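Spelled out, the chains give:
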Amino acid sequence: MTCWSAPKRWGGIFDIDQKKIQLTEEELKTQDPDFWSDSKAAEQQMRKVKELKRWIDGFSSVSSKAEELRLSYEYFKEGIIEESEVDEAYSVALREIEDLEIANMLQAEEDRLGAVLKVNSGAGGTESQDWASMLVRLYQRWAERKGFKVTITNWQDGDEAGVKTVTMQIEGDSVYGFLKGENGVHRLVRVSPYNAQGKRMTSFASVFVVPLVDDTIHIEVNPAQLSWDTFRSSGAGGQNVNKVETGVRLHYMYKDPDTGEEEEIVIENTESRSQLDNRENALRLLRSQLYDRALEKKRAAQSEIEAGKKKIEWGSQIRSYVFDDRRVKDHRTGYQTSNVNAVMDGEIDDFLKAYLMEFGATNTNP
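A brief structural summary. Small disclaimer: the values here were computed from a predicted structure and weren't measured. (Residues numbered from 1 in each chain as written. Predicted model: local features only at pLDDT ≥ 70, side-chain atom pairs only at ≥ 80, totals over all residues. Heavy atoms only, no water.)

**A few points about the overall build of the protein chain**
Then, number 1: Each helix and strand in the protein chain was counted, giving 11 helices and 11 strands.
Then, number 2: By residue count, 46% of the 366 residues in the protein chain fall in the buried class.
Then, number 3: Here the contacts in the protein chain between residues at least 6 apart in sequence split such that 65% fall between residues at least 24 apart.
Then, number 4: As presented, the protein chain carries roughly 19100 Å² of accessible surface, and 47% of it is formed by carbon and sulfur atoms. (Helix = DSSP H or I, 4+ residues; strand = E, 2+ residues; numbered from the N terminus. Buried < 20%, exposed > 50% of the residue type's maximum accessible area, 1.4 Å probe, protein only. Contact = heavy atoms within 4.5 Å. Areas by Shrake-Rupley, 256 points an atom, 1.4 Å probe, with all protein chains shown as cover.)

Here it is, written out as structure tokens:
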């Protein structure tokens, strides 16, 4: 049986008393008769109120579970319940505390935003392209479980199966905060269905995650550095082949303000059958990338994006998925599980938590 003494000053740790005072003050602002005259400012204020309520409700839930644990231990000592019931109460309380602690780590401005997630297949043809499509499904299923909105903005089919590259927007509270640790190379080891000899194959795919900017984030885009191509969209993003050129390809010549180095950013968007809508969303994706670049310059440690810069090859992976041995292991945290099927079905919360618990405070990759 697990013995555990609940902390007595969680309120101090999470500053709940101050948050309650702040919530009262922020709610008073929403009662101003002219509150909705500026809709953007009003939406920002409502988000602030919602965030404070989320903290207070989360703390109340943790306090409740801690009290249930205390009572269950008392009942066990009196012979009313079994030891297993105490352990279950402990597990529930610990899980809620960890969830609240992780939320406490996601304090950066960008953590609260949605995310743009891009999956690229590595070298290896059909096998790696199939692996990339499996990762796309993994993140789609994870988002669905969370109730987040997923929009495919670009989809390029593989040569025979799978995908070459897919870009998706995932919208919801703190999506970027949870997924920022997914940046890097993901390695698959399995007996390949595409190999006639049934050999064990190793494949790689890369995942890139940047914050999805909203109206509260102002990013300067120089129109003189923009150019556009149009094309007929097809695949999962455009669904069917269009008879008109609704797909757009944005070209932006980015100049580093510090080094003066220039880099062309290319973004394709085929989400909508409207060329205008695709242009608007491509610009949003561009702003998201520029915002991510601005964030990098603010960070003292630059290692967060290094995994994404490495070649998609041996030795650079952040996580391995070994199907034969029934093992998925994160090489940064050491966390692993034998439930491969669950992971491939989007159950990756334990990996995300392990990363945030170890590296969340520094907001950088190891």
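Having seen the model, we can carry on.
**Concerning the packing of aromatic side chains**
Then, number 1: Under the counting rule described, the total for this entry stands at 5 aromatic pairs.
Then, number 2: Taking 5.1 Å as the distance between ring centres and 85° as the angle between the ring planes, the aromatic pair formed by Phe35 and Trp36 counts as edge-to-face.
Then, number 3: Residue class for Trp36 comes out exposed when judged on its relative accessible area of 55%.
Then, number 4: The ring of Trp55 has Lys19 sitting right over it, with the charged end atom 5.0 Å from the ring centre.
Then, number 5: Positioned over the ring face of Trp228 is Arg279, at 4.6 Å from the centre of the ring. (Phe/Tyr/Trp six-rings, centres within 6.5 Å; stacked < 30°, edge-to-face > 60°. Lys NZ or Arg CZ within 6 Å of the ring centre and 35° of its normal.)

**Description of the nonpolar core**
Taken as a class, soluble globular proteins show a tendency for nonpolar side chains to be buried jointly.
Then, number 1: In this structure, Leu135, Tyr139, Leu179 and Tyr321 are the most contacted members of the largest nonpolar core, which totals 33 residues.
Then, number 2: Of all elements in the fold, only β1 (114–121), α5 (126–146), β3 (163–171), α6 (175–179), β5 (200–212), α10 (340–344) and α11 (349–359) reach the threshold of two or more residues within this core.
Then, number 3: The biggest single contributor to this core is α5, with 9 residues.
Then, number 4: With residues up to four places along the chain from it excluded, the contact list for Tyr321 reads Trp131, Leu135, Leu138, His186, Arg187, Leu188, Val189, Arg327, Val328, Val343 and Met344.
Then, number 5: Among the nonpolar cores identified, the runner-up in size contains 20 residues, and Leu250, Leu285, Leu286 and Leu290 belong to it. (Core = buried A, V, L, I, M, F, W, Y, C linked by side-chain atoms within 4.5 Å.)

**Observations regarding the side chain of Thr337**
Then, number 1: Of note, Thr337 is situated in strand β11 (residues 336–337).
Then, number 2: From its side chain, Thr337 meets the backbone nitrogen of Asn339 in a polar contact 3.1 Å long.
Then, number 3: Not counting residues up to four positions away in its chain, the partners in contact with Thr337 are Arg326, Arg327, Val328, Val343 and Phe351. (Polar contact = N/O pair within 3.5 Å; in protein donor to acceptor, adjacent residues only side chain to side chain.)

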